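Residue-level structure breakdown
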Amino acid sequence: MENETPAPAERSDFIREIVAADVREGRVDGVVTRFPPEPNGYLHIGHAKSICLNFGIANEFGGRCHLRFDDTNPTKEEQEYIDSIEADVRWLGFDWGEHLYFASDYFEQLYEWAVYLIKQGKAYVDDLSAEEIRAYRGTLTEPGTESPWRDRPIDENLDLFERMRAGEFPTGSRVLRAKIDMSSGNINFRDPVMYRIVHATHPRTGDAWCIYPSYDFAHGQSDAIEGITHSICTLEFQDHRPLYDWFIENLPVPSTPHQYEFARLNLTHTMLSKRVLLRLVKEGHVRGWDDPRMPTLSGLRRRGFPAEGIREFAAMIGVARADSVVEIEMLEHAVRDVLNRDALRRFGVLDPLKVVIENFPGGVVEHMDVVNNPEDPSAGTRSVPFTRELWIEREDFMEDPPKKFFRLAPGREVRLRSAYFVTCTDVVKDADGRVTEIRCTYDPETRGGSAPDGRKVKATLHWLSAPHAVPAEVRLYDHLFASPYPGSDGRDLFDDLEPASETVLEGCYVEPALAQAPVGQTVQFERLGYFCPDPDSTPEHPVFNRTLTLKDTWAKLRSQGRHDGS
């Protein structure tokens, strides 16, 4: 690739400044980044930050970003995860083109480089058990102890390593370790494991291998094979960078990549640990990896979060060198911004109360033109049927309203959105005194929602024609963890699970058109929030997930100069 001056980046951070300087000063011929997930779980919102950073930098500097699966642990990897990861990256709006790779593509080359290190006297076969290796490693304040096998002759190491590959030894019985410095202040330098024996079938290579490289050995060398220029990791790999460089410096690799670290994403009310997410699924606290309460990308997609909203969130939080916690309300704010602009408006009633308009003729259906999106005039209007019997929200009526309640009440006139003014004339109750029906009259001169005589009303309600409304199930979602900081102060974080994080409502109603709404289309139920069809939805039984309420807490806090949620 020719060295070209890239277009100015849309945003700046310390990583982009490093890349820009490398390009400007000719240290790289072209920018090549990579996103290297392990195929042993589903991607989450934290991965989205890394995806946006790696693909974003490649796009901004006219380079490319590779998708490489770090498939070095056959006991935990499945094709299901590979497929879901590819789908998630594409859904976010990024494409790796022809640059899809697997660490397993390089198993033979990595093996040859391991043999090279053995021949150089820089690697040896160790018979210590995993527990003994940990004990010999030492602590942050005490040096490690050399293995009794550390000074094995090179020929013996070569023979044993070849026999390890041939499958002569059982799982876990031997490892190959780099020979560096057992007294180093960096524990990662204390003769790290390069290969371990694992007799397990690999999803891609089958039973061709029974020894597998460690992440630390495979990572940098895979970068070098692919010509990666900027290997961008999260901060937990900062202490691994000297080892990354040691392998690069001591092997005849074809290129010299460099590793850079940035702060990982931490969100309030959220756990991003793969171990915790797996436990949530295994113990049945959620419906699965794509449960709308999960922070996985498949879960956020099922809940109705648009990819653009997640990309905007990644841009808002930026890239930092130090760890911090971001309020989940900031993510919700970014998503609302996109949905407020793009989502079509529809009518839905979650807790229906019957309204009978006594002076509207029975058997007559009028069709009202209703705006699809006031933020987007090009979205046009739709026709919504209007009849004598309607549904409204129960909370929109009070028989004995307080002073600040302006919605429907006996003797009060309100507007029905894009339809007529109606006035409550009577209330019907059941034997227990519960209101079951509201009787009203309408003013036929107010069609469209305004009065010729100029009189005003203080409330506008949404509604549905009772004969045309489609019954639906609606699932309301809240934070999975009630505490902003689950497990803080020594608590078991599972004690912080919010018992009401999912509320399933039956007996709701939606517009007829929503029965056919495709999965993935998020709409605004006017006055209620944003909702999208769940994959469980069918035309006969529509199911909607609440994506978010209309209330934007983070925007309110920001306007008050408060960003900490206090």
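Structure's up top.
In this report, the structure presented in the accompanying data block is examined. (Residues numbered from 1 in each chain as written. Predicted model: local features only at pLDDT ≥ 70, side-chain atom pairs only at ≥ 80, totals over all residues. Heavy atoms only, no water.)

This paragraph deals with the pairing of strand S22 (residues 502-510). Bridge count between strand S11 (residues 348-349) and S22: two bridges; the pairing is antiparallel. Across the sheet, the residue bridging to Val349 is Tyr509, located in S22. Examined bridge by bridge, strand S21 (residues 470-477) and S22 share seven bridges and lie antiparallel to one another. Its bridge partner lying in S22, Leu476 is registered against Thr503. (Pairing = 2+ DSSP bridges. Helix = DSSP H or I, 4+ residues; strand = E, 2+ residues; numbered from the N terminus.)

This next bit is on the packing of aromatic side chains. A complete count under the given rule lists 22 aromatic pairs for this structure. Both rings, one in Phe347 and one in Trp463, keep their centres 5.5 Å apart while their planes meet at 50 degrees; by these two values the pair is tilted. Here Phe347 is found in the loop between strand S10 (345-346) and S11, whereas its partner Trp463 is found in the loop between strand S19 (460-461) and strand S20 (464-465), with 116 residues between them in sequence. Like Trp463, Phe347 is buried. Considering the side-chain rings of Tyr420 and Tyr442, the 4.8 Å spacing of their centres and the 75 degrees angle between planes classify their relative orientation as edge-to-face. Here Tyr420, found in the loop between strand S16 (413-416) and strand S17 (421-429), pairs with Tyr442, found in strand S18 (residues 435-443); they are 22 residues apart in sequence, far enough to count as distant. Looking at Tyr420, the relative accessible area reads 3%, which means it is buried. An aromatic cluster of three or more residues is present, and its members are Phe107, Tyr111, Phe161, Tyr195, Trp209, Tyr212, Phe217, Trp246 and Phe247. For Arg279, the ring lying beneath its charged end belongs to Phe494, and the centroid distance is 3.7 Å. Between the NZ or CZ atom of Lys354 and the centre of the ring of Trp391, over which it lies, the distance is 5.0 Å. (Phe/Tyr/Trp six-rings, centres within 6.5 Å; stacked < 30°, edge-to-face > 60°. Buried < 20%, exposed > 50% of the residue type's maximum accessible area, 1.4 Å probe, protein only. Lys NZ or Arg CZ within 6 Å of the ring centre and 35° of its normal.)

Before going further, it helps to examine the sheet that holds strand S3 (residues 100-102). Here three strands make up an open sheet; going across it, the order is S1-S2-S3 and the pairing parallel. Looking at which strands have only one partner, the edges of the open sheet turn out to be strand S1 (32-35) and S3. Across the sheet, the axes of successive neighbouring strands diverge by a mean angle of 35 degrees, strand direction being ignored. When strand S2 (residues 64-69) meets S3, the two strands line up parallel, connected through three bridges. (Axes fitted to C-alpha atoms, helices over the stretch in contact; angles between N-to-C directions.)

Turning our eyes to something else, we now look at the nonpolar core. Judged by nonpolar contacts, the single largest core of 38 residues is most densely connected at Ile45, Ile51, Phe55, Val89, Leu92, Leu267 and Phe313. Of all elements in the fold, only helix H2 (45-60), S2, helix H3 (79-91), helix H10 (297-303), helix H11 (307-317) and helix H12 (328-342) reach the threshold of two or more residues within this core. Other than its neighbours up to four places away in sequence, Ile51 contacts Phe35, Leu43, Gly56, Val89, Leu92 and Phe94. Membership of the second largest hydrophobic core comes to 36 residues, among which are Tyr106, Tyr111, Val125 and Phe217. (Core = buried A, V, L, I, M, F, W, Y, C linked by side-chain atoms within 4.5 Å. Contact = heavy atoms within 4.5 Å.)

By secondary structure assignment, the location of Phe405 is in the loop between strand S15 (389-393) and S16. For the pair Phe405 and Lys458, spaced 53 residues apart in sequence, the C-alpha to C-alpha distance is 9.5 Å. In contact with Phe405, other than residues within four places in its own chain, are Glu395, Asp396, Phe397, Met398 and Arg412.

Another aspect to go through is the pattern of salt bridges. Scanning the entire structure with this criterion turns up 49 salt bridges. Measuring nitrogen to oxygen at the nearest pair gives 2.8 Å for the salt bridge that ties Asp291 to Arg293. Of the two residues, Asp291 and Arg293, neither departs from the other in class, the shared state being buried. One salt bridge connects Asp534 with Arg475, and the closest N-O pair in it is separated by 3.4 Å. Taken as a pair, Asp534 in the loop between strand S24 (529-533) and strand S25 (543-548) and Arg475 in strand S21 lie far apart in primary sequence, 59 residues in all. Asp534 sits in the buried class, given a relative accessible area of 0%. A network of salt bridges, in which partner residues are shared, links Asp290, Arg302, Glu473, Arg475, Asp534 and Asp536. (Salt bridge = Lys/Arg side-chain N within 4 Å of Asp/Glu carboxyl O.)

Right, let's talk about the sheet that holds strand S5 (residues 175-178) for a bit. What the four strands build is an open sheet, ordered S4-S5-S6-S7; its pairing is antiparallel. Only two strands of the sheet have a single partner each, and these edge strands are strand S4 (123-126) and strand S7 (211-213). Pairs of neighbouring strands in the sheet enclose a mean axial angle of 20 degrees, with direction left out of account. Pairing of S5 with strand S6 (residues 193-197), which is carried by three bridges, proceeds in the antiparallel orientation. Bridged to Val175 within S6 is Arg196.

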